[in-house]
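# Fold and contact review
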Amino acid sequence: MTEAVIEAEGLTRRLAGEVMVTLVEDANLTVHQGEFVAITGASGSGKSSLLYLLGLLDRPTSGQLSLHGRQTSSLEEDALAGLRLAEVGFVFQFHFLLPEFSALENVMLPMQRLDRLPRPEIAARAAELLDSLGLAGEAKKLPRQLSGGQSQRVAIARALANDPLLILADEPTGNLDTAASANVQRILMDLARDYGRAVVVVTHDRDFAAAADRVIVMSDGRIRGQ
Amino acid sequence: MIGLASGIALKHLLARRRQSLVSLSGIVLGVAFFLAVSSLMQGSENDFIRRLVDNSPHITIQDEFRNPRLQPVEQLYPPGAIEVRRVKPLTETRGIRGYPQILEGLRTEPFLRASPVLAGQALVSFAGKDIAVSLNGMIPAEVNDVSTIQNYMIAGSVDALTANPDGIILGDALARKLSLALGENVTVTAPTGEVHTFKILGLFHTGRADYDNTQTFADLKRVQALLKRLNRANTIIMKLDDPQRAHAVADEIERRFGYKSVSWQEANEDLMSTLTTRNIIMYTVVSAVLIVAAFGIYNVISTVVLEKQRDIAILKSMGFRARDIRRIFLIQGVLLGLAGSALGLPFGAGLMIVLMQIRLKFPGSSDPVPLPIDWNWPQFAIAAAFAMGAALCAGLLPACKAASVQPVDILRGAQ
């Protein structure tokens, strides 16, 4: 059995207010290296909320989450940011590239923030990532000069920049045409199968979910089956 | 991280060129006006103090004591043990006792020049007109060491008193009033009833009406005889190499000789405090220009923060910390402040040059003079520091707001 990248136990997220809203209730989940997991469910079922909890973007109201064997519940915001930087890559439904930066610069950003490599090496690695995703000719283009599929691939390259073990994708094909969607789907699956990343994808696309190693179905904030 | 944050900050500003330029021009104008006005105010203050220092003694020893002299019994017993009332001091001839010895003591100090003066009231009479004046008896050979009166001579000279001890120097206004001219004789009557005729050896014009109307200078010995105060001087005036030391030196002299010793700073305390008040008002007013400009910066950065909520959320999801985000937006303020200073200071220097071309005739001065401008670096440094401070303050609030963005709230809304 490969190493567990995520281990969640009793993860619960509630929003306090006049009426308490439960986004995720008692989620127990383990994702291993090289595993491709799809989370499905109706809108408002808590898929994205669970993904944000797994990616340390949000803190659980209760429950435990360990990332690559490290307990995260007691960590300060800065430490969580450090873990996100080095261990987690996010891909969203919209590419969310920074509009003032070229494709290459967008991919370089996480590496520059991590600051482990000299700038020329960062640029070379970013170019290599873009090349591997078929975007060699688009490196200097601004996001507005790219198609939706190209932008989403740049976003994937950005998520991979610091070589994270965990890739979290929230409806990554939700805004793409069929061909681009298939392309992105293939890339994410390859990341799990060929490169050993743990990939968790939230999707409404049944075909996409069907191709996953495991499908988690959510409803009313609870995991109903996996 | 600073390089990365600066890069992102710069891209944000360049993406909003027009807005950035408008707020930048606010800072440029603010810095320029701040610099021009503050250097003008500082220049006028320096000019005023220079005139004050040049035209008045740096230290004056007067024939009085700051505090009443202690009675021998009070000196013998500690305070509180005894109380002496209704003490009438001995009537003494006014003046500084043993002034030649004091002068001798003072002249051992190489950094000061001192000269005795006997000043008293007198009446100057001519052609049936009597005018009350202040008669200053001085040693002519020393006048130029301790006074700038020679600089204001419009006819004759102070040195002529050395050759002719029966000479007198008057203000031109007084001479005009009495219809007198250089070389003519004038009668001076002392309160003692003594009368002496002096020959006018010089006329001065300082531009200060009261001074030109009431001050007269003559040889010390003649004035002592006229006032019947032989071998007396009631003032010792001094000039120092470094006028700024006057306060400390005056304290030391007073401690040493007992007589009240007044520095130019003490003598003009009210004027100095007026200058301080004037500076506070000036800095408040010119700072207001920069504060208005800072609102422009606040506006730009706030807009960027508002528009960039999604980008901030993405940066945070990538692993940027709250302080990284804060830094990005603070740097925007710093960049605008730096650019504003870099452009505003030369512009301000240009305004200063223009101001220097303006020549005004001030009351008391006979010729139009250029506006005094202070070109020293502190003016530039203060203007730049104010601009940077205003820009940083303007950036701080939006930067903190940006740092507090919760990425999940934004990402949920954006999906």
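Residues numbered from 1 in each chain as written. Chains lettered and ligands numbered in written order. Predicted model: local features only at pLDDT ≥ 70, side-chain atom pairs only at ≥ 80, totals over all residues.

### Points about the overall build of chain A
This is how the line gets drawn: Put simply, DSSP H or I for four residues or longer makes a helix, DSSP E for two residues or longer makes a strand, and each gets a number counted from the N terminus. Think of it as a crowd count around each C-beta: if 20 or more other C-beta atoms lie within 10 Å the residue is buried, if 12 or fewer it is exposed, and in between it is partly exposed, with C-beta placed from the backbone throughout. Two residues form a contact once the distance between their C-beta atoms, set from the backbone, is within 7 Å.
If you tally the helices and strands in chain A, you get seven helices and 10 strands. Seen through its principal axes, chain A has C-alpha atoms that stretch 50 × 45 × 40 Å. Scored against the burial criterion, the 226 residues of chain A give a buried share of 50%. Considering only intrachain contacts with a sequence separation of at least 6, the fraction spanning at least 24 residues in chain A is 70%.

### Looking at the nonpolar core
The following threshold applies: As used throughout, a nonpolar core is a set of buried Ala, Val, Leu, Ile, Met, Phe, Trp, Tyr and Cys residues joined through C-beta atoms within 7 Å of each other.
Core analysis: the largest hydrophobic core is formed by 130 residues, its most contacted members being Val107, Leu130 and Val200 of chain A together with Phe34 and Ile297 of chain B. Here this core takes 12 residues from helix H2 (residues 17-55) of chain B, the largest share from any one element. Excluding its chain neighbours within four sequence positions, the residues that come into contact with valine 107 of chain A are Ala126, Leu129, Leu130, Val154, Ala157, Arg158 and Ala161 of chain A.

### Examining the sheet that holds strand S3 (residues 36-41) of chain A
Each strand in a sheet pairs with another by means of backbone hydrogen bonds, the pair being arranged parallel or else antiparallel. Residue and element names in this part refer to chain A. Convention followed: Any two strands are treated as partners once DSSP identifies two or more bridges connecting them. Axes, fitted as lines to C-alpha atoms, cover a helix only where it is in contact. Angles between the N-to-C directions of the axes lie from 0 to 180 degrees.
The strand order S6-S7-S8-S3-S9-S10 describes an open sheet built from six strands, whose pairing is mixed. At either end of the open sheet lies a strand with only one pairing partner, and these are strand S6 (88-91) and strand S10 (222-225). Between one strand axis and the next, the sheet turns by 25° as a mean value, whatever way the strands run. Here four bridges tie S6 to strand S7 (residues 166-170), and the two strands are oriented parallel to one another. Bridging from a neighbouring strand, phenylalanine 90 pairs with leucine 168 of S7. The sheet strands contacting helix H6 (residues 178-193) are S3, S7 and strand S8 (198-202), and the helix crosses S8 at an angle near 150°.

### What to know about the sheet that holds strand S4 (residues 62-67) of chain A
The four strands are arranged S2-S1-S4-S5 (chain A) in an open sheet whose pairing can be described as antiparallel. With one partner strand each, in any of the chains shown, strand S2 (21-32) and strand S5 (70-71) of chain A form the two edges of the open sheet.

### Here's the deal with the domain arrangement of chain B
Quick note on the threshold: A domain assignment, automatic or from a database, supplies the domain bounds used here.
Its domain assignment divides chain B into domain 1 (2-53 + 271-414) and domain 2 (61-265). Relative placement of domain 1 of chain B and domain 2 of chain B: their C-alpha centres are 52 Å apart.

### Re the pairing of S2 of chain A
Residues and elements named next belong to chain A. Examined bridge by bridge, strand S1 (residues 4-15) and S2 share eight bridges and lie antiparallel to one another. When the sheet's bridge partners are listed, arginine 13 is paired in S2 with valine 24. Hairpin connection between S1 and S2: a loop of five residues separates the two successive antiparallel strands.

### Considering the packing of helix H14 (residues 322-357) of chain B against helix H15 (residues 377-403) of chain B
A pair of packed helices is characterised by two quantities: the angle between their axes and the separation of those axes. All names here are of chain B. Put simply, the test is: Here the word oblique covers every angle except those under 35 degrees (roughly parallel), over 145 (roughly antiparallel) and from 65 to 115 (roughly perpendicular). Less than a right angle of anticlockwise turn of the near helix away from the far helix marks a crossing as left-handed, whereas a clockwise turn marks it as right-handed. Polar here means any residue other than Ala, Val, Leu, Ile, Met, Phe, Trp, Tyr, Cys and Pro, which are nonpolar, and Asp, Glu, Lys and Arg, which are charged; Gly is therefore polar.
For the pair H14 and H15, the least separation of the axes is 7 Å and the interaxial angle reads 155°. Accordingly, the angle class assigned to the pair H14 and H15 is roughly antiparallel. The two elements H14 and H15 cross, and the hand of that crossing is right-handed. For the contact of H14 with H15, a count of residues per class yields 21 nonpolar, eight polar and two charged.

### Points about helix H12 (residues 269-307) of chain B
Defined as follows: Here a helix's expected span is defined as the number of its residues, less one, multiplied by 1.5 Å.
The terminal C-alpha atoms of H12 of chain B, which comprises 39 residues, lie 56 Å apart, in line with the 57 Å expected from a rise of 1.5 Å per residue. Looking at the buried side of H12 of chain B, the elements it contacts are helix H1 (2-15), H2, H14 and H15 of chain B.

### Looking at the interface of chain A and chain B
With 23 residues of chain A at the contact, the number on the chain B side is 20 residues. Secondary-structure elements contributing two or more residues to the side of chain A that touches chain B are helix H1 (47-54), helix H2 (77-87) and helix H3 (103-114) of chain A. The element that contributes the greatest number of residues to the side of chain A that touches chain B is H2 of chain A, accounting for six residues. Residues of the side of chain A that touches chain B, tallied by class, amount to 12 nonpolar, four polar and seven charged.

### Thoughts on the environment of valine 107 of chain A
Residue and element names in this part refer to chain A. With respect to the secondary-structure elements, valine 107 resides in helix H3. Here valine 107 falls in the buried class, since 30 other C-beta atoms lie within 10 Å of it. Residues valine 107 and aspartate 163, spaced 56 residues apart in sequence, show a C-alpha to C-alpha distance of 12 Å.

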